[in-house]
Amino acid sequence: MGKRRRIRPEDLAGWGFILPLMAGLLLFRLYPLVESLRLSFHHTNGVMETWAGWDNYRYLLRDEDFWEALRNTLILGGIGMAISIPGSLVLATWIHSARWGRTFFRAVYFLPNITSMVAVAVVFQFLFYPTDQGLVNYILTGWGLPAQGWFADPDTSKLAVALMGVWHGIGYSILIVLAGLQSVPGELYEAAAIDGAGPFRRWWHVTLPGVRPILVFLLITGMISAMRRFNDVWMIGGEAGNPGGSLSTLMLYIYRVGFHSFELGKASAAAYLLFVVVFLLTLAHFRLIRFQRRE
């Protein structure tokens, strides 16, 4: 215990392998975090700076655009979760009970998830074109329904973006739910069937309780991902989140303040307020998991 450990050649080789990774983490992860925290207490445009104290945070808490961006972010995330979680549960249950083609359907539903969101946004702009030339409006008018403005209308833009996000990410949710379904003991289904439970009652009383932790995980992680929403809304509405700011999310707000107005102190403060929101969501996730384990 009192002897100093000698450094062996293989130790040096190990440090040589991990040093590039550690240097990358320090340079591109830790340093930006610390520097952003420092900038949040300064008035700065990236060249000149003065001490601001808590002024940037006080400004954001009084800024209507900040609260509008937060509200839009939560609404987009809520609509997406309300569609994707029940949809992934139904589709995963169907795939799990299928007698053939499970691998094929898993691949088909997961395929959009590996597609670039930029490409998805371009395609959906054609699908949801605000006249009857768009495929969706063409179908609606064919059924005798009025054409919608979709991305060009503040009343429907959030729904259109949420549908686009669901199509892009539901494959991941399906795979997670499928993993949860496979972990439900088959004996529970057999016991329920012996007790006379039909398919729906078995699904309601066995499947749902079995995958409840998975659904909570998808809810929290989905909201955390929604808080970082940027690519799709930027492609659809630009940095202003058009139409009428209805697609202005927190990430767009940070981008607009930091790289359009060059108020890097306010942008850094907004980023740390976003960090607080994500931290609270993560904390809620762990509390829900701990509560379920106690049950």
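Rules behind the numbers
- Residues numbered from 1 in each chain as written.
- Predicted model: local features only at pLDDT ≥ 70, side-chain atom pairs only at ≥ 80, totals over all residues.
- Heavy atoms only, no water.
- Helix = DSSP H or I, 4+ residues; strand = E, 2+ residues; numbered from the N terminus.
- Buried < 20%, exposed > 50% of the residue type's maximum accessible area, 1.4 Å probe, protein only.
- UniProt positions renumbered as here; feature names shortened; annotations may be inferred.
- Patch = residues over 30% accessible without salt bridge, like charges linked within 9 Å, V, L, I, M, F, W, Y side chains within 5 Å.
- Areas by Shrake-Rupley, 256 points an atom, 1.4 Å probe, with all protein chains shown as cover.
- Salt bridge = Lys/Arg side-chain N within 4 Å of Asp/Glu carboxyl O.
- Phe/Tyr/Trp six-rings, centres within 6.5 Å; stacked < 30°, edge-to-face > 60°.
- Lys NZ or Arg CZ within 6 Å of the ring centre and 35° of its normal.
- Polar contact = N/O pair within 3.5 Å; in protein donor to acceptor, adjacent residues only side chain to side chain.
- Contact = heavy atoms within 4.5 Å.
- Expected span 1.5 Å × (residues − 1).
- Bend = angle between axes of the 7 residues up to and from the residue.
- Axes fitted to C-alpha atoms, helices over the stretch in contact; angles between N-to-C directions.
- Left-handed = near helix turned anticlockwise from the far one by under 90°.
- Nonpolar A, V, L, I, M, F, W, Y, C, P; charged D, E, K, R; others polar.

**Looking at unusual backbone geometry**
Following Asn242, the chain continues to Pro243 via a peptide bond in cis, the omega torsion being 10 degrees. Looking at where Pro243 falls in the secondary structure, it is placed in the loop between α10 (231-237) and α11 (250-259). With a phi close to 50 degrees, Trp150 is a non-glycine residue in the positive phi region. Within the fold, Trp150 resides in the loop between α6 (135-142) and α7 (157-182). Residue classification places Trp150 among the buried positions, given a relative accessible area of 9%. Even without glycine at this site, Phe262 takes up a positive phi of about 55 degrees. Structurally, Phe262 is set in the loop between α11 and α12 (264-294).

**A word on the UniProt feature "transmembrane region" (unreviewed entry) in the protein chain**
Sites flagged by UniProt as "transmembrane region" (unreviewed entry) map to residues 12-31, 74-95, 107-129, 159-183, 203-226 and 267-289. Secondary structure content for residues 12-31 is 100% helix and 0% strand, while the C-alpha to C-alpha distance between its ends is 26 Å. In the segment residues 159-183, helix accounts for 96% and strand for 0%; the C-alpha atoms at its two ends are 34 Å apart.

**Quick look at a nonpolar patch on the surface**
On the surface, a nonpolar cluster with roughly 770 Å² of combined accessible area is contributed by Trp15, Phe17, Ile18, Leu19, Leu21, Met22 and Leu25. You can see Leu21 is positioned in helix α1 (residues 9-39).

**Digging into the packing of aromatic side chains**
According to the stated counting rule, one finds 21 aromatic pairs in the structure shown. The rings of Phe124, Phe128, Trp150, Phe151 and Trp167 are connected pair by pair, giving a single aromatic cluster. The ring of Tyr59 carries Lys266 above its face, with NZ or CZ at 4.8 Å from the centroid.

**A few points about the side chain of Asn137**
Following the sequence through the fold, Asn137 ends up in helix α6. From its side chain, Asn137 meets the backbone oxygen of Tyr129 in a polar contact 2.9 Å long. Apart from the residues within four sequence positions on either side, Asn137 is in contact with Tyr129, Pro130, Thr131, Asp132, Ala147, Gln148 and Trp150.

**Some remarks on the pattern of salt bridges**
Using the criterion set out here, one finds six salt bridges in the structure. Ionic pairing is found between Glu49 and Arg38, a salt bridge with its closest N-O pair at 2.7 Å. Here Glu49 is found in strand β2 (residues 49-51), whereas its partner Arg38 is found in helix α1, with 11 residues between them in sequence. Assessed through its relative accessible area of 38%, Glu49 is described here as partly exposed. Its salt-bridge partner being Arg58, residue Asp55 comes within 2.6 Å of it at the nearest N-O pair. Taken together, the positions of Asp55 and Arg58, both in helix α2 (residues 55-62) and three residues apart, correspond to about one turn of that helix. For Asp55, a relative accessible area of 35% gives the class partly exposed. Among the charged side chains, a salt-bridge network with shared partners connects Glu35, Arg38 and Glu49.

**Quick look at α1**
The end-to-end C-alpha distance of α1, which contains 31 residues, comes to 43 Å, matching closely the 45 Å that a straight helix rising 1.5 Å per residue would cover. Ile18 marks the point of greatest bend in α1, at about 35 degrees, and the proline Pro20 comes within the next four residues. Those residues of α1 that sit buried are Asp11, Ser36 and Leu39.

**Quick notes on the side chain of Thr207**
Along the chain, Thr207 falls in helix α9 (residues 199-227). Among residues more than four places away in sequence, those in contact with Thr207 are Leu181, Tyr189 and Arg202.

**A short note on the packing of helix α8 (residues 186-194) against α9**
At a minimum axis distance of 10 Å, the contact between α8 and α9 shows a crossing angle of 145 degrees. Our pair here, α8 against α9, has a crossing hand that is right-handed. Packed against α8, whose contacting residues are Leu188, Tyr189, Ala192 and Ala193, the element α9 presents Arg202, Val206 and Thr207 at the interface. Of the residues assigned to the contact of α8 with α9, the class counts are five nonpolar, one polar and one charged.

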